[in-house]
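Chain by chain, the residues run as shown.
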Amino acid sequence: MLFRSFTIWLLALWAVQATRRIDRKKVVRSFNPRRNASSQITPLQVGNGNFAFGVDVTGLQTFSPFATMSTWGWHNFSLPTTTGQTSVNDFTGLDWWTHGRLVNYNQPNPAQSEISNWLIQNPQRINLGNIGFSFNEADVTEEMLESKHQTLDLWTGKIASSFTYNGASVDVETWADSRSDTVGIIIESNLLSTGALGVFFDFPLPTVNKFDAPFVGVFNATDKHTTDLQLGENGATIRHNIDATSYYVSFKWDSSADISGPVDRTHRYLLQPSKRTKKIELSVAFSPDSTTDIPSLHDVTSSSKTWWESFWRSGAFIDLSGVESSSATELQRRTILSQYLTAVNSASAYPPQGLVNNGWYGKFHLEMVLWHLLHFARWNQFPLLRRSLPNMYSQYLHSSTDRASLQGYDGARWGKMTDPTGRSAPGEINSLLIWQQPHPMYFAELEYRSFPNESTLRTWDAILTPTADFMASYAFFNESTSRYDLGPPMYPASENTNPNATINPAFELTYWRFGLDVAISWKQRQNLAVPDKWIEVRDNLAPLPTAEDAFAVYEGIPNMWTSTTVQDHPAMSAIFGLLPPPSSGPPLNMTVVRNTADKIRDLWDLEDCWGWDFPMLAMNSLRLGDVDQAVAYLLHPLFEFDDAGYPVGGSRVPTPYFPGSSSFLLAMAMMAGGWDGEPGMHFPKGWDVNVVGFVPGL
């Protein structure tokens, strides 16, 4: 049985071990990003998972106002003033006919357009502020700087930048504290002593743009927010007030300097070192509350060095340096840089969205939690995973049970596009998507695989039980077929079908069975009674739909494998790839599985795919034994990573699109550690690869 309990000795036996010692530091540092000019799209970043500071080629945010972002920095614009739309509680949503009854869905109501739009656009995550160089009021552009060099040291989390201006060199170090939302900055230049170089602090206003990229906020709406400066000894605090939101930026420096501002008609403040100062060290702390506890620069640099070395030395590792292949080198580059970037942007206390810019107002997408976070489990980085899970599900449990109850279902219906409040933003797709529902089962099963104990069972049981209760309640018994159907109305993972016609999508049916299998096994491991409804629904789910001897997106879809049916996410590939073979019910028809993979490869509109699609296809290829095709998908020309390792979003989503990074790491873990029945490495023939620390996947 797939979901058996793994004993510690079996895990130790199966865990993939290195055949020779890996010089992790050498491998990591060989891919340190280097730039000689600012990117127009992506910064280099320092950060800790809950906080990130993005910089241009100067080591600060001088010419490109990249963001400073945190997990706590959110803002709401004022509620509408139209009668009947002045409160969140005024929102009514829309009723849809669902299997003979009216069900209320959290969708924009045309009669309540203002509160509907407010709930979609609020809260939005904010850029906490920008720090950059001022050149004594001179109108300086990046092109006027010479000898620009910048390196991100992945092993320590330090960005070292240097440039020359007016014949004088400027050297900058940029660090982030691993334990707080603090940036450490060291600046050394003769320009400081002449007054030709200073440091500015500036504060933007958030926007209601769905995609705020590459920069977040605007700096030309100064009358809509305020800032206040409070001076201290070798330090200062600026309070930024935006409507009902306020937060603080506190900084201290080690040399004599004066701070002034704001500059007329701006929220820009200037820090000018005194004469004879050739070096200044700054600590800048961002906080929702006023604080005098600002880490020293020494503390910031020390914590960064310690944390990053610990990160790289712990967890699983892949060493492809012994392979003389450009494909292997690129896979290694993407692997190392994706590990760094997901640690900075995704290892947070909330479901991640990334800390570079704002997509979807910065809100979380619970169907993307799997692609953002699952790799931490597969790479044995559970401390990073546990920052958000299962706490996030516990935090959102109340709102999710309310959602299910309002719709007449049992258990907890997890939302889609949400924020720290647990509200699900109104939207037709948001309210009708269901494939996020079994995600807790996947996370729980992977954690139990590495930690098969009572604590794991007890912790996750409080989440899995209401999750499975909803799944069993949502499935509709079709009296004409004596089977349980999923939908309509619903959207599959591809989000591009008619929701009133979408019934029994192939991937969602498979994932539903998987989720109920895990939930049933979870109860059995604890010697607890299994609810009869779970078993009844699991054992009587509708069969997987097919067309032309391959899986169909959903049952009865017209013209499958032509036109719009071969666009967007090819989720059928996840049936045998991301997901293991079913442990209950009829076995998969492997002829259909292979035909599906072939048709996707030959007929799918891959130009319309992005992000996690390519690693998902690679995992399907791996499980089918086609390693070369898996590598081809991971290095597909449409699946791009830039010079700093950011996954390119493409035309439909902004860059970076971090589910691409995390899903890539998930596929690499599958290649390195294997899966049940086929543990061990699955790299191309002849590749001399060394891996350590992987436990086989499901």
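Given the structure is predicted, the values throughout are model-derived calculations rather than measurements.

Chemist: Just checking my understanding: could you explain the overall build of the protein for this structure?
Modeler: Assigned secondary structure in the protein consists of 18 helices and 32 strands. Computed over C-alpha atoms, the radius of gyration of the protein comes to 26 Å, within 12% of the 26 Å expected from 2.2 N^0.38 for 698 residues, which places it in the range of a compact globule. Projected onto its principal axes, the C-alpha coordinates of the protein cover approximately 85 × 70 × 50 Å. The 698 residues of the protein split such that 63% are buried. Relative to all contacts within the protein whose residues are 6 or more apart in sequence, the contacts with residues 24 or more apart total 70%. Carbon and sulfur atoms form 48% of the exposed surface of the protein, whose accessible area is close to 25,600 Å². Between the mean site of the 50 positive side-chain charges and the mean site of the 69 negative ones, the protein shows a separation of 6 Å.

Chemist: I keep staring at the sheet that holds strand β16 (residues 226-232) and nothing clicks. Help me out?
Modeler: What links the strands of a sheet is backbone hydrogen bonding, and the strands pair in either a parallel or an antiparallel sense. The antiparallel open sheet is built from nine strands, whose spatial order is β1-β10-β11-β12-β13-β21-β18-β17-β16. A single partner strand is all that each edge strand has here, and the edge strands are β1 (34-35) and β16. In this structure, β16 lies alongside strand β17 (residues 235-242), joined through seven bridges in antiparallel fashion. Looking at β17, one finds that Q230 is bridged to T237. Of the strands in this sheet, β12 (168-176), β13 (182-188) and β21 (279-287) touch helix α5 (residues 297-313), which is tilted by about 65° from β12.

Chemist: When you look at the packing of aromatic side chains in this model, what are you seeing that I'm missing?
Modeler: Geometry of an aromatic ring pair is reported as the spacing of the ring centres plus the angle between the planes. Using the criterion set out here, one finds 41 aromatic pairs in the structure. With centroids separated by 5.7 Å and ring planes inclined at 35°, the aromatic side chains of F51 and F286 adopt a geometry described as tilted. On the criterion of sequence distance, the pair formed by F51 in strand β3 (residues 51-55) and F286 in strand β21 is long-range, its members being 235 residues apart. Given the relative accessible area of 4%, F286 is considered buried. Of the aromatic side chains, those joined through ring pairs into one cluster are W371, W435, Y442, F507, Y511, F514 and W612. Just above the ring of F200 sits the side chain of R268; from NZ or CZ to the centre is 3.6 Å. Over the face of the ring belonging to F451 we find R386, whose NZ or CZ atom lies 4.4 Å from the ring centre.

Chemist: Help me out: how do you make sense of the pairing of strand β18 (residues 245-253) in this one?
Modeler: Each regular strand displays side chains that alternate between the two surfaces of the sheet. Burial analysis of β18 places seven of its nine residues in the buried class, which makes it a mostly covered element. Turn length for the β17-β18 hairpin, with the two strands adjacent in sequence and antiparallel, is two residues, and the turn residue D243 shows positive phi of about 50°. Note: β18 against β21, six bridges, orientation antiparallel. Bridge assignment links V249 to a residue of β21, and that residue is F286.

Chemist: Whenever I open this one, the packing of α5 against helix α6 (residues 326-345) confuses me. Can you help?
Modeler: In helix packing, the relevant descriptors are the interaxial angle and the interaxial distance, both defined with respect to the helix axes. Two elements in contact, α5 and α6, have axes whose closest approach is 12 Å; the angle formed by their N-to-C orientations is 130°. When the interaxial angle is binned, α5 and α6 end up oblique. Here α5 runs over α6; the crossing is right-handed. Within the contact between the two elements, α5 uses W307, W308, F311 and W312 and α6 uses I336, Q339, Y340, A343 and V344. Looking at the contact of α5 with α6, its residues break down into eight nonpolar, one polar and no charged.

Chemist: How do you make sense of the sheet that holds strand β20 (residues 269-273) when you look at a structure like this?
Modeler: In space, the four strands of this open sheet follow the order β9-β14-β20-β19, with antiparallel pairing throughout. At either margin of the open sheet sits one strand with a lone partner, and together these are β9 (130-134) and β19 (257-260). Averaged over all pairs of adjacent strands, the angle between strand axes in this sheet comes to 20°, irrespective of strand direction. Bridge count between β19 and β20: four bridges; the pairing is antiparallel. In the sheet register, D258 faces β20, and the bridge partner there is Q272.

Chemist: Would you mind showing me how to read unusual backbone geometry here?
Modeler: With an omega of -15°, the peptide bond running from G487 to P488 counts as cis. Residue placement: P488 occurs in the loop between β27 (483-485) and α13 (506-525). Even without being a glycine, N234 presents a positive backbone phi close to 50°. You can see N234 is positioned in the loop between β16 and β17. N234 sits in the partly exposed class, given a relative accessible area of 34%. Phi angles above zero are rare outside glycine, and E548 is one such case at about 55°. Along the chain, E548 turns up in the loop between β28 (546-547) and β29 (550-551).

Chemist: What is the right way to look at the environment of I186 in this model?
Modeler: Turning to its location among the elements, I186 is positioned in strand β13. Judged by relative accessible area, I186 falls into the buried class, the value being 14%. Ignoring sequence-local partners within four residues, the contact set of I186 consists of D171, V172, E173, K279, I280, E281 and L297.

Chemist: How should I be thinking about the environment of Q272 in this particular structure?
Modeler: Position of Q272 among the secondary structure elements: in strand β20. Considered as a pair, Q272 and L665 are 393 residues apart in the sequence and their alpha carbons are 44 Å apart. Excluding anything up to four places from it in sequence, Q272 contacts L192, G195, L197, G198, A257 and D258.

Chemist: Got a minute to help me understand the confidence of the model for the protein in this structure?
Modeler: One rule of thumb: low pLDDT means the predicted coordinates there are not for detailed reading. Across the protein, the average pLDDT comes to 95, with 97% of residues at or above 70. The low-confidence segment residues 1-14, where pLDDT is below 50, has 32 contacts with residues more than four positions distant or belonging to other chains.

Chemist: Whenever I open this one, the pattern of salt bridges confuses me. Can you help?
Modeler: A side chain of one charge can pair with a side chain of the opposite charge if their charged atoms are brought near each other. Here the structure, examined in full by the defined rule, presents 23 salt bridges. A salt bridge links R29 to D153; the shortest N-O distance between them is 2.8 Å. Of this pair, R29 sits in helix α2 (residues 24-29) while D153 is found in strand β10 (residues 146-153), placing the two residues 124 residues apart along the sequence. A relative accessible area of 31% means that R29 is categorised as partly exposed.

Chemist: Whenever I open this one, the packing of helix α16 (residues 613-623) against helix α17 (residues 627-634) confuses me. Can you help?
Modeler: Closest axis-to-axis distance for the α16/α17 pair is 8 Å, and the angle between their directions is 175°. Relative to α17, α16 is oriented roughly antiparallel. On α17, the residues touching F614, P615, L617, A618, S621 and L622 of α16 are V627, Q629, A630, Y633 and L634.

Reading guide: rules and limits
- Residues numbered from 1 in each chain as written.
- Predicted model: local features only at pLDDT ≥ 70, side-chain atom pairs only at ≥ 80, totals over all residues.
- Heavy atoms only, no water.
- Helix = DSSP H or I, 4+ residues; strand = E, 2+ residues; numbered from the N terminus.
- Rg over C-alpha atoms; globule rule 2.2 N^0.38 Å.
- Buried < 20%, exposed > 50% of the residue type's maximum accessible area, 1.4 Å probe, protein only.
- Contact = heavy atoms within 4.5 Å.
- Areas by Shrake-Rupley, 256 points an atom, 1.4 Å probe, with all protein chains shown as cover.
- Lys, Arg positive; Asp, Glu negative; His and termini not counted.
- Charge placed at Lys NZ, Arg CZ, Asp CG, Glu CD.
- Pairing = 2+ DSSP bridges.
- Axes fitted to C-alpha atoms, helices over the stretch in contact; angles between N-to-C directions.
- Phe/Tyr/Trp six-rings, centres within 6.5 Å; stacked < 30°, edge-to-face > 60°.
- Lys NZ or Arg CZ within 6 Å of the ring centre and 35° of its normal.
- Parallel < 35°, antiparallel > 145°, perpendicular 65-115°, else oblique.
- Left-handed = near helix turned anticlockwise from the far one by under 90°.
- Nonpolar A, V, L, I, M, F, W, Y, C, P; charged D, E, K, R; others polar.
- pLDDT = per-residue confidence, 0-100.
- Salt bridge = Lys/Arg side-chain N within 4 Å of Asp/Glu carboxyl O.

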